[in-house]
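Here is what each chain is made of, one letter per residue.
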Amino acid sequence: MTDVASQPSRESAQAPLGTVRVVTVAYNPGPELERFLESLRAATARVPAVVIADNGTEHERVESTAERYGARVVGDGTNRGYGGGANLAARDLTEDWIVVANPDIVWRPGSLDTLIEAARAEPRAGCLGPRLLNPDGSIYPSGRALPTLVGGAGHAVLGRVWPGNPFSARYHGTNEDATHAVGWLSGACVLLPAAAWKRLGGFNEDYFMFFEDVDLGARVGRAGWLNLQVPDAVVVHAQGASWKSRPERMIRAHHDSARRYVNASHPAAWQAPVRWLVSAGLRAREEIAVRSARRD
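Calculation criteria
- Residues numbered from 1 in each chain as written.
- Predicted model: local features only at pLDDT ≥ 70, side-chain atom pairs only at ≥ 80, totals over all residues.
- Heavy atoms only, no water.
- Helix = DSSP H or I, 4+ residues; strand = E, 2+ residues; numbered from the N terminus.
- Buried < 20%, exposed > 50% of the residue type's maximum accessible area, 1.4 Å probe, protein only.
- Contact = heavy atoms within 4.5 Å.
- Areas by Shrake-Rupley, 256 points an atom, 1.4 Å probe, with all protein chains shown as cover.
- Axes fitted to C-alpha atoms, helices over the stretch in contact; angles between N-to-C directions.
- Parallel < 35°, antiparallel > 145°, perpendicular 65-115°, else oblique.
- Nonpolar A, V, L, I, M, F, W, Y, C, P; charged D, E, K, R; others polar.
- Core = buried A, V, L, I, M, F, W, Y, C linked by side-chain atoms within 4.5 Å.
- Salt bridge = Lys/Arg side-chain N within 4 Å of Asp/Glu carboxyl O.
- Disulfide = S-S within 2.5 Å.
- Phe/Tyr/Trp six-rings, centres within 6.5 Å; stacked < 30°, edge-to-face > 60°.
- Lys NZ or Arg CZ within 6 Å of the ring centre and 35° of its normal.
- Pairing = 2+ DSSP bridges.

Considering the overall build of the protein
(1) Moving on: Helix and strand content of the protein: eleven helices and twelve strands.
(2) Moving on: In the protein, buried positions account for 56% of the 296 residues.
(3) Moving on: Residue pairs at least 24 apart in sequence account for 80% of intrachain contacts in the protein once pairs closer than 6 positions are excluded.
(4) Moving on: Put simply, the protein shows about 13200 Å² of open surface, and 54% of that area lies on carbon and sulfur atoms.

This is the structure in structure tokens:
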């Protein structure tokens with residue numbers, strides 16, 4: 001394990017071997033929800049409690065899929081956003097562990113148990129995430145550094161025109177092959193001890209969509225725990241289903257949340273000029289992305 005042994009002793013967030021709840025948020029899903037639930041069966045030797053937050057309008061499809069796999073559905077179709085839906089599905093949490101995962105991931109066999117065992121081996125772990133693979137087998141950078149004003153400005157301005165720039169490279173992280181500490185983990189799939197989830201209050205619902213995971217990672221660190229990426233646990237993330245159906249809305253939501261995070265995490269008056277630079281870069285990046293999506 002790298003980047004962990006050198007950390008000072010901290011309050012333990014560890015849970016016992018125990019039970020696990022898997023939470024996912026469905027917004028008018030296609031066949032990906034069934035693939036998610038089917039692959040989950042081989043991801044753990046435990047029998048997880050599965051709760052689906054229904055954020056959409058296709059209730060019958062969600063209910064029938066859930067019934068086939070013994071899952072429970074909560075919500076009335078109100079779109080609470082990703083964090084809000086996950087919080088609703090976790091509201092009556094009694095299990096020892098909680099997993100929040102997108103419904104468009106496919107679990108590799110044993111992946112959930114590998115995450116839990118990694119958490120049990122490191123008492124300071126407050127949030128853990130697997131290695132995320134794209135459908136073509138390439139690695140998605142899912143364990144990243146927390147954004148900084150200077151790094152965020154460089155990434156926002158240069159990320160699209162120079163993907164390999166040093167600011168973006170630092171932000172995307174090293175994706176090491178050993179379990180290692182990171183600044184935050186992609187909300188596409190995270191595991192937390194129930195004690196950590198409850199102390200943190202789940203996701204910050206000020207973020208309707210996007211950056212709720214960045215904010216969570218920052219709060220995990222401030223609470224004295226570690227965010228750990230566990231590359232031996234592997235899931236495949238078929239990203240883009242929601243983006244393809246409504247790209248402009250998703251692009252604008254992503255950039256709005258990015259600006260919200262920058263302003264909330266760097267509120268000092270002396271930081272204002274760089275906040276403005278980052279926001280300007282994000283707005284320019286947003287418009288370029290929207291025009292590109294319209295052409296497609």
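There's plenty left to go through after this.
What about the packing of helix 10 (residues 247-265) against helix 11 (residues 272-295)?
(1) Moving on: Contact pair helix 10 / helix 11: the axes reach a minimum separation of 9 Å and the direction vectors enclose 175 degrees. Classified by the interaxial angle, the pair formed by helix 10 and helix 11 is roughly antiparallel. The residues of helix 11 that touch helix 10, namely those facing Pro247, Glu248, Ile251, Arg252, His255, Ala258, Arg259, Val262 and Asn263, are Arg275, Val278, Ser279, Leu282, Arg283, Arg285, Glu286, Glu287, Ala289, Val290, Ala293 and Arg294.
(2) Moving on: In the contact of helix 10 with helix 11, the residues fall into nine nonpolar, three polar and nine charged.

Structural notes on the nonpolar core
Where a protein is soluble and globular, its nonpolar side chains tend to be buried together.
(1) Moving on: Counting 36 residues, the largest nonpolar core has Val22, Ile52, Val99, Trp107, Leu112, Leu128 and Leu191 as the members making the most contacts within it.
(2) Moving on: For Trp107, the residues in contact, after removing those within four places along its chain, are Val22, Phe36, Ser39, Leu40, Ala43, Val99, Ala101, Leu112, Cys189, Val234 and Val235.
(3) Moving on: Residues Val23, Val74, Leu88 and Leu192 belong to the second largest nonpolar core, which totals 27 residues.

Considerations on the pattern of salt bridges
(1) Moving on: Within this structure, the stated rule accounts for 16 salt bridges.
(2) Moving on: Residue Glu117 pairs with Arg46 through a salt bridge whose shortest N-O separation is 3.6 Å. Here Glu117 is found in helix 4 (residues 111-121), whereas its partner Arg46 is found in the loop between helix 1 (32-43) and strand 2 (49-54), with 71 residues between them in sequence.
(3) Moving on: With relative accessibility at 37%, the residue Glu117 sits in the partly exposed group.
(4) Moving on: Judged by relative accessible area, Arg46 falls into the buried class, the value being 18%.
(5) Moving on: Residue Arg72 is joined to Asp92 by a salt bridge in which the shortest nitrogen-to-oxygen separation is 3.3 Å. Of the two residues, Arg72 sits in strand 3 (residues 72-74) while Asp92 sits in the loop between helix 3 (81-89) and strand 4 (97-101), which places them 20 residues apart along the sequence.

Quick notes on the environment of Asn55
(1) Moving on: Looking at the element boundaries, Asn55 is found in the loop between strand 2 and helix 2 (59-68).
(2) Moving on: Judged by its relative accessible area of 4%, Asn55 is buried.
(3) Moving on: Sequence separation between Asn55 and Asn28 is 27 residues, and the spatial gap between their C-alpha atoms is 7.6 Å.
(4) Moving on: Aside from chain neighbours lying at most four places away, what touches Asn55 is Val25, Ala26, Tyr27, Gly77, Thr78, Asn79, Arg80, Gly81 and Gly85.

Points about unusual backbone geometry
(1) Moving on: The residue Asn28 is not glycine, and still its phi comes out positive at about 45 degrees.
(2) Moving on: In this structure, Phe210 is a non-glycine residue whose phi angle is positive, near 75 degrees.
(3) Moving on: Position of Phe210 relative to the elements: it lies in the loop between helix 7 (194-200) and helix 8 (212-222).
(4) Moving on: The exposure class assigned to Phe210 is buried, which follows from its relative accessible area of 17%.

Considering the state of the cysteines
(1) Moving on: Enumeration according to the criterion identifies zero disulfides in this entry.
(2) Moving on: No disulfide involves Cys127; its sulfur sits 9.6 Å from that of Cys189, the nearest cysteine.

Examining the packing of aromatic side chains
(1) Moving on: Counting across every chain of the model gives four aromatic pairs.
(2) Moving on: Ring centres 6.2 Å apart and planes at 45 degrees place the aromatic pair Tyr82 and Phe203 in the tilted group. With a gap of 121 residues between them, Tyr82 in helix 3 and Phe203 in the loop between helix 7 and helix 8 connect regions that are remote in the sequence. Residue Tyr82 shares its accessibility class with Phe203, and that shared class is buried.
(3) Moving on: By way of ring pairs, the aromatic residues Tyr82, Trp197 and Phe203 are connected into one cluster.
(4) Moving on: Lying over the aromatic face of Trp225, Arg199 brings its terminal NZ or CZ to 4.9 Å of the ring centre.

So, the pairing of strand 12 (residues 226-237)
Note on strand geometry: in a regular strand, side chains alternate between the two faces of the sheet.
(1) Moving on: When you tally the buried positions in strand 12, you get eleven out of twelve residues, the bulk of the element.
(2) Moving on: Sheet topology note: the strand 5 (residues 105-107)/strand 12 ladder contains three bridges and is antiparallel. Among the inter-strand pairings, Ile105 is bridged to a residue of strand 12, identified as His237.
(3) Moving on: Bridge analysis of strand 6 (residues 125-133) against strand 12 gives eight bridges, and the strand direction is parallel.

All we've got here are geometric facts, nothing functional implied.
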